[in-house]
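# Breakdown of the fold
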Amino acid sequence: MQGLLFLCLILLNPHALAAPPGAIVLWPGAPPGGAAPGPQRDSAKGSITQVAQPYLLAHRPAQPNGMAILLVSGGGYAHIEAGKESGPAARWLQERGITAFELVYRLPREGGGVAAPFQDGQRAMRVIRARAAEWGIDPARIGMLGFSAGAHLAGMTAVEPDASRHAPVDAIDAVSARPDFVVLLYPVLTMQQPFDTTHAKKQLLGSDPAQAARDALSVELQVDARAPPMFIAQALDDGISPPGNSVLMAAALRRAGVPVELRQFRHGGHGWGLGKPGSEPAAWPRLLLAWLRANGWLPAD
């Protein structure tokens, strides 16, 4: 019934699926499983809801160095904080020769269901890699960077890149969705008690989910040796996403033999984006660049 209603809305309003001018639409038609009926809503501060047609916003530098990063804003899977997170970070990366893509993904309670954001994250990685030559990108130097709930989406994409989340729609769905590296900032990652107090968990699973559902969406439980290297940063006084999220993830990666750099700040709270000047979290961009250079993804200055 939901699918039929979605189709009727499209037929009655063909502009409902429209993405902004210049956006890179992820799906050749209606996204799998449905979406918000639209139109998309954008607040004055850059918070996005009602995503009918998921898409990428590309920030291409004048002189690209071949590296690309897919940025995923948070918002507890209830909205997308692009104005505070992916937007400023994309511009910062672009200034350093890195091609940045902001992902505007469907939210689980707006028509697409729980699978929707993960379908969009997986598809976004595939689109970028499939079109890498067109955009001057090295297909072996494509990463993901997620903030808060966006880090959960990035983490799930990274640890389950080959998951069958939808029926293939075209040749792009045969391209690898595995990022070459992942950056997780003040992340939501686990759905396990006692760290299951996040809004992201409530949006995805409700108030009292079965243990199997918790396990399936706990990123740390899906980690194996095939996971990409990860950079994780979080403040110990984060009052939204318990710091245990980062600790559990780093431990799982180390057990699997996957390189991980965990940076914990004493103070900083949650939702710091690029970091307020003078604050401890403001160091993460510099630390990230050093990590990227040390691992060979980013050319030395």
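Since this is a predicted model, take the numbers as computed values, not measurements.

## Regarding the confidence of the model for the chain
Overall, the prediction assigns the chain a mean pLDDT of 93, with 94% of residues at 70 or greater. Contacts of residues 1–16 to residues separated by more than four positions or lying in other chains number 14 contacts, the stretch itself having pLDDT below 50.

## Digging into the nonpolar core
Of all hydrophobic cores here, the largest spans 57 residues; its most connected members are Leu56, Leu70 and Met249. The element that contributes the greatest number of residues to this core is helix α5 (residues 149–159), accounting for seven residues. Leaving out residues up to four positions away in the same chain, Met249 has contacts with Val159, Leu184, Leu189, Val219, Glu220, Val223, Met230 and Ile232. Ranked by size, the runner-up nonpolar core spans 29 residues in total, among them Phe231, Phe265, Ala283 and Leu298.

## A few points about the sheet that holds strand β9 (residues 181–185)
Sheets are built from strands paired through backbone hydrogen bonds, the pairs being either parallel or antiparallel. Judged by pairing direction, the sheet is mixed, and its eight strands sit side by side in the order β1-β4-β7-β5-β8-β9-β10-β11 without closing on themselves. Pairing within the sheet leaves two strands with one partner each, and these edge strands are β1 (24–25) and β11 (260–265). Strands in contact with helix α4 (residues 116–130) are β1, β4 (55–59), β5 (68–72), β7 (99–104) and β8 (142–147); relative to β8, the strand with the most contacts, it is inclined by about 150°.

## Brief notes about the pattern of salt bridges
Working definition: two side chains of opposite charge can pair if their charged atoms are close together. Summed over all chains, the structure comprises 13 salt bridges. Here Asp170 ties to Arg123 by a salt bridge, and the two come within 2.8 Å at their closest N and O atoms. Placement of the pair is Asp170 in the loop between α5 and β9 and Arg123 in helix α4, with a sequence separation of 47 residues. Under the relative-accessibility criterion, Asp170 is labelled partly exposed at 28%. Judged by its relative accessible area of 1%, Arg123 is buried.

## Let's talk about α4
For α4, built from 15 residues, the straight-helix expectation of 21 Å at 1.5 Å per residue is met to within 8% by its first-to-last C-alpha distance of 21 Å. Across the 15 residues of α4, 14 count as buried, placing the element largely inside the fold.

About the cut-offs
Residues numbered from 1 in each chain as written. Predicted model: local features only at pLDDT ≥ 70, side-chain atom pairs only at ≥ 80, totals over all residues. Heavy atoms only, no water. pLDDT = per-residue confidence, 0-100. Contact = heavy atoms within 4.5 Å. Core = buried A, V, L, I, M, F, W, Y, C linked by side-chain atoms within 4.5 Å. Buried < 20%, exposed > 50% of the residue type's maximum accessible area, 1.4 Å probe, protein only. Helix = DSSP H or I, 4+ residues; strand = E, 2+ residues; numbered from the N terminus. Pairing = 2+ DSSP bridges. Axes fitted to C-alpha atoms, helices over the stretch in contact; angles between N-to-C directions. Salt bridge = Lys/Arg side-chain N within 4 Å of Asp/Glu carboxyl O. Expected span 1.5 Å × (residues − 1).

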